[in-house]
Amino acid sequence: MNQPDEQSTLIEGFPRKGIGNPPSALTVTTAPNETIRTLLGRRTIRRFKDDPVDPQSLDAIVEVGLRSANAGGCQAPIFLVSQDAETNRMLGAISNGLYDEGYYPVSSAQPSTACMVGLTDAFYGAPVVITVFTPEGWIYGPFDVGVCVANMMNAAWSLGLGSCVVSRAGRTFATEAGRDVLERAGIPDGYEAQLHLVIGVPESTEADPYELYPNRVAWL
């Protein structure tokens, strides 16, 4: 394993030395296999075409999510997969209206609710919205949801589709309109919405250039 030099890089007497990222030149083109190429190449997409998502691709993405690692093998997460354009627009508008975290320059290539004035749909017009739920009070909910959503994002990218995680799912489904959707979809009582994952055919895969922040890894 590549080991950074032993010069301390954090201030205020951090007790470990050798803080630093691997000095790797790994890129999409130099990745050792297709899986790692997908993981390195995936980008968040918020600009979608109106094209529907291929049903077989969607089935594969959902299957990947269902088969993701989960705490204790309990398979606690359940999904609501919405391809209903009217429902998605309504919930996207509710989610957008609930955004209250202030301006943040997320991306110029793929603008988000946080940085695009005048945006009205927090689902960005995506034709598919997957909401992941876990049982209320399930302490491993964030772990389970994070793993399955990340896997579905990478599966989508490998199939030529784009995706974006959208938060505020719990607050969105706590509204009267949200509760109506849950009832119509048959989501059982006792489950709470954790995250939305929006998926579609990218209008553009353009991404802002970025570098890894330094000093995110401590080595022993």
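Residues numbered from 1 in each chain as written. Predicted model: local features only at pLDDT ≥ 70, side-chain atom pairs only at ≥ 80, totals over all residues. Heavy atoms only, no water.

Before going further, it helps to spend a moment on the packing of helix α2 (residues 55-66) against helix α4 (residues 141-158). Viewed as axis vectors pointing N to C, α2 and α4 meet at an angle of 150 degrees, and their least axial separation amounts to 8 Å. Considered as vectors, α2 and α4 are oriented roughly antiparallel to each other. Both α2 and α4 take part in a crossing whose hand is right-handed. Contacts between α2 and α4 involve Ile-61, Val-62, Val-64 and Gly-65 from the former and Cys-148, Asn-151, Met-152, Ala-155 and Ala-156 from the latter. (Axes fitted to C-alpha atoms, helices over the stretch in contact; angles between N-to-C directions. Helix = DSSP H or I, 4+ residues; strand = E, 2+ residues; numbered from the N terminus. Parallel < 35°, antiparallel > 145°, perpendicular 65-115°, else oblique. Left-handed = near helix turned anticlockwise from the far one by under 90°. Contact = heavy atoms within 4.5 Å.)

So, on to the nonpolar core. Nonpolar side chains tend toward joint burial in soluble globular proteins. Counting residues in each nonpolar core, the largest one holds 21 residues, and the members touching the most others are Phe-133, Phe-173 and Val-198. Mapped onto this core, the elements with two or more residues apiece are α3 (85-98), β2 (128-135), β3 (162-166), α5 (169-173), α6 (176-185) and β4 (191-200). Setting aside residues up to four positions removed in sequence, Phe-133 forms contacts with Ala-76, Pro-77, Ile-78, Leu-80, Phe-173, Leu-182, Ile-187, Tyr-191, Glu-192, Ala-193 and Gln-194. Listed in part, the 20 residues of the second largest apolar core include Val-53, Leu-58, Met-152 and Ala-155. (Core = buried A, V, L, I, M, F, W, Y, C linked by side-chain atoms within 4.5 Å. Buried < 20%, exposed > 50% of the residue type's maximum accessible area, 1.4 Å probe, protein only.)

Size it by volume and the largest pocket reaches roughly 770 Å³. As for the largest pocket, its lining consists of 28 residues, of which Thr-44, Arg-46, Tyr-104, Val-106 and Ser-107 are closest to the centre. Broken down by class, the residue content of the lining of the largest pocket amounts to 14 nonpolar, six polar and eight charged. Considered as a void within the structure, the second largest pocket measures approximately 560 Å³ in volume. Contributing to the lining of the second largest pocket are 16 residues, with Ser-24, Leu-26, Leu-40, Tyr-210 and Leu-212 lying nearest its centre. Its residues assigned to classes, the lining of the second largest pocket comprises nine nonpolar, three polar and four charged. (1 Å grid on protein atoms, 1.4 Å probe; cavity = no way out; pocket = protein on both sides within 12 Å on 5 of 7 lines; lining within 4 Å. Points joined across faces, edges and corners; volume = space filled by probe spheres on them. Nonpolar A, V, L, I, M, F, W, Y, C, P; charged D, E, K, R; others polar.)

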